[in-house]
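Chain residues, written in single-letter form:
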Amino acid sequence: MTNPELAIPVREPEQTGSDDTILPFAVKALDLRGRIVRLGAAVDTILTGHDYPTPVAKLLGEAIVLTVMLGSALKFEGRFILQTKSDGPVRMLVVDFASPGTVRACASFDAERVAAAIAANAVEPGKLLGHGHLAMTIDQGPDMSRYQGLVPLEGGDLEQAAHEYFSRSEQIPTRVRLAVAEEFRAGAGGPRRHWRAGGILAQFLPNSIERSRQADLDPGDAPPGTTVHVLPEDDAWVEGRSLIATVNDIELLDPALSSERLAYRLFHERGVRVFRAAPVQAQCSCSRKSVENMLRSFSQSDRDDMVENGRITVTCEFCNSTYVFQPDEITAQDTTAS
Ligand SMILES: [Zn+2]
């Protein structure tokens, strides 16, 4: 039998980085699979469009990278929605990824508390989020059931929440690194800031389930004095997660370092394969028609309450597009439709 892997030519990794791509990789010797995401214009379009305070934008950028890394693993047409709800200055983050590669995002925050956090230099993600939960929803369309996974937010950041989720809900040893930063670039009207973001995700997926059991299982409600059953971590996973821990922010953000080169830098001793990179772009799914349908689902009295200066104005929270309707536009069509 011929080995299909032998047919793949070995070549030097690409030098030039390509923004707005998702690069899948595999390290067979370590039973590791993962993805590297680099975002330039995609994340800049979303964050610049909202003009949130810098720490809020940065936090939403991290949520965007995480969502793109997780959503791009969907094997079918659908949406992957990540949403936080918590009691910190940033009340809510919503990131909506639609296969094969479009993303939109928005945040809801308390402006006074965010300003106070900035003044006190308490802008770490865990402090901005506070306590609450993070929900991940997979939506395959109106006729399919939704899947939702929940993980508590307890003052930690999104990386910690992702580790917690995969450890408890999926029982897949997982490590993620997320990085977001602004760079200043010369432009026609003077220097302008641009947002960049990047991330890496690695999962330990051995053929034998036994090997993926994790050592950090919580003893739960066991009575005091019970011997905690400590499972030694698999050597391959210890090596894999240790390598991921060495990735620093600049490696995830530097446009001069390609995703391929980063994968090579991390895993070349073990042999790493990369697969075809997939593109990702910022794009909202709202339309005049979808807003009209949404308005039609409200009661007449709710719609009456929305009329200002003789018009109903709806602004999309994701992309700031504004849709203006005459009140009778909706009512009139409502009558003909019934
Ligand atoms: Zn929109």
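Relevant structure appears above.
Everything numeric here is computed off the predicted structure, so don't read it as measured data.

Basis of the calculations
Counting of residues starts from 1 at the beginning of each chain's written sequence and follows it residue by residue. With the structure being a predicted model, the display of local features is reserved for residues of pLDDT at least 70 and the display and counting of side-chain atom pairs for 80 or more, all residues being used for whole-chain, interface and lining totals. Heavy atoms throughout the structure, all of them, feed into the side-chain values; hydrogens and water do not. We call two N or O atoms a polar contact when they sit within 3.5 Å, provided that within protein one can donate a hydrogen and the other can accept it, with sequence-adjacent residues counted only if both atoms are side-chain atoms. Secondary structure counts use DSSP, requiring at least four H or I residues in a row for a helix and at least two E residues in a row for a strand, with both numbered from the N terminus. Geometry is summarised by axes, namely lines fitted to C-alpha atoms with helices restricted to the contacting stretch, and by angles between N-to-C directions that run from 0 to 180 degrees. For any helix crossing, the convention is left-handed if the near helix is rotated counterclockwise from the far helix by under a right angle, and right-handed if that rotation is clockwise. Contacts: residue pairs with any heavy atoms within 4.5 Å of one another. Gly is placed with the polar residues, together with every amino acid not listed as nonpolar (Ala, Val, Leu, Ile, Met, Phe, Trp, Tyr, Cys and Pro) or charged (Asp, Glu, Lys and Arg). Metal-coordinating donors are taken as N, O and S atoms lying within 2.8 Å of the metal, or within 3.2 Å when the metal is Na, K or Ca; because water is left out, some sites can appear incomplete. The geometry test gives tetrahedral to four donors whose angles all lie between 85 and 135 degrees, gives square planar to four donors and octahedral to six donors whose opposite members are over 155 degrees apart with all other angles between 65 and 115, and gives irregular to the rest. Three exposure classes are used, based on accessible area relative to the maximum for each residue type with a 1.4 Å probe and protein chains only: buried under 20%, partly exposed in between, and exposed over 50%. If DSSP finds at least two bridges between two strands, the strands pair. Put simply, a nonpolar core is a bunch of buried Ala, Val, Leu, Ile, Met, Phe, Trp, Tyr and Cys residues held in one set by side-chain atoms that sit within 4.5 Å of each other. An angle below 35 degrees is treated as roughly parallel, one above 145 as roughly antiparallel, one from 65 to 115 as roughly perpendicular, and anything else as oblique.

Colleague: Even after reading the chapter, I still don't get helix 3 (residues 111-119), so can you show me in this structure?
Modeller: The opening residue of helix 3, the one whose side-chain oxygen lies 3.1 Å from the backbone nitrogen of E112, is D110. Looking at the residues trailing helix 3, positive phi occurs at N121, about 55 degrees.

Colleague: What should I look at first to understand the packing of helix 1 (residues 41-50) against helix 2 (residues 54-71) in this one?
Modeller: Contact pair helix 1 / helix 2: the axes reach a minimum separation of 10 Å and the direction vectors enclose 145 degrees. Note that helix 1 runs across helix 2; the crossing there is right-handed. Contact residues: helix 1 offers V43, I46, L47 and H50, while helix 2 offers A57, L60, G61 and I64. Looking at the contact of helix 1 with helix 2, its residues break down into six nonpolar, two polar and no charged.

Colleague: In this structure, what is going on with the coordination of the zinc ion? I would like to understand it.
Modeller: Tetrahedral coordination by four donors puts the ideal angle at the metal at 109.5 degrees, and octahedral coordination by six puts it at 90 or 180 degrees. Around the zinc ion, the protein contributes the donor atoms C284 (SG), C286 (SG), C316 (SG) and C319 (SG), at 2.2 to 2.3 Å from the metal centre. Taken together, the four donor atoms coordinating the zinc ion and their angles of 103 to 113 degrees define a geometry best described as tetrahedral. With relative accessibility at 21%, the residue C284 sits in the partly exposed group.

Colleague: What's the story with the pairing of strand 14 (residues 322-325) in this structure? I'm lost.
Modeller: Residues in a regular strand point their side chains to alternate faces of the sheet. On strand 14, burial follows the alternation: Y323 and F325 on one face are buried, whereas T322 and V324 on the facing-out side are not. Note: strand 13 (residues 312-315) against strand 14, four bridges, orientation antiparallel. When the bridges of strand 14 are listed, I312 appears paired with F325. Here strand 13 folds back onto strand 14, and the loop between the two strands holds six residues, one of which, N320, carries a positive phi near 65 degrees.

Colleague: Looking at this structure, I do not really get unusual backbone geometry. What am I missing?
Modeller: Backbone geometry follows two general trends: most residues other than glycine have a negative phi, and most peptide bonds adopt the trans configuration. Cis geometry is adopted by the peptide bond preceding P100, which originates at S99 and carries an omega value of 0 degrees. Note that P100 resides in the loop between strand 4 (90-98) and strand 5 (102-109). A positive phi angle, close to 65 degrees, is found at N320, a residue other than glycine. The topology assignment puts N320 in the loop between strand 13 and strand 14. For N320, a relative accessible area of 40% gives the class partly exposed.

Colleague: Would you take a moment to explain the sheet that holds strand 3 (residues 79-86) for this structure?
Modeller: Within a beta sheet, neighbouring strands are joined by backbone hydrogen bonds and run either parallel or antiparallel to one another. Across the sheet, six strands lie side by side as 7-6-3-4-5-12; this open sheet has mixed pairing. Of all the strands in the sheet, the pair left with one neighbour each is strand 7 (147-154) and strand 12 (281-282). Set on the sheet, helix 1 makes contact with strand 5 and strand 12; between it and strand 5 the angle comes to about 30 degrees. Across the sheet, helix 2 touches strand 3, strand 4, strand 5 and strand 6 (131-139), and the angle it forms with strand 4 is around 35 degrees.

Colleague: I keep staring at the nonpolar core and nothing clicks. Help me out?
Modeller: Among the nonpolar cores identified, the biggest contains 55 residues, and L39, L60 and I64 are the most heavily contacted of them. Tallying contributions element by element places helix 2 first for this core, with eleven residues. With sequence-adjacent residues up to four places away left out, L39 is seen in contact with D20, I64, V65, R196, A197 and V280.

Colleague: Would you mind showing me how to read the packing of helix 2 against helix 5 (residues 158-170) here?
Modeller: When two helices pack together, their arrangement is given by the angle between the helix axes and the distance between those axes. Their axes nearest at 10 Å, the elements helix 2 and helix 5 cross at an angle of 30 degrees. Considering the angle they form, helix 2 stands roughly parallel to helix 5. Contact residues: L59, E62, A63, L66 and L70 in helix 2; L158, A162 and F166 in helix 5. Of the residues contributing to the contact of helix 2 with helix 5, the split by class is seven nonpolar, no polar and one charged.

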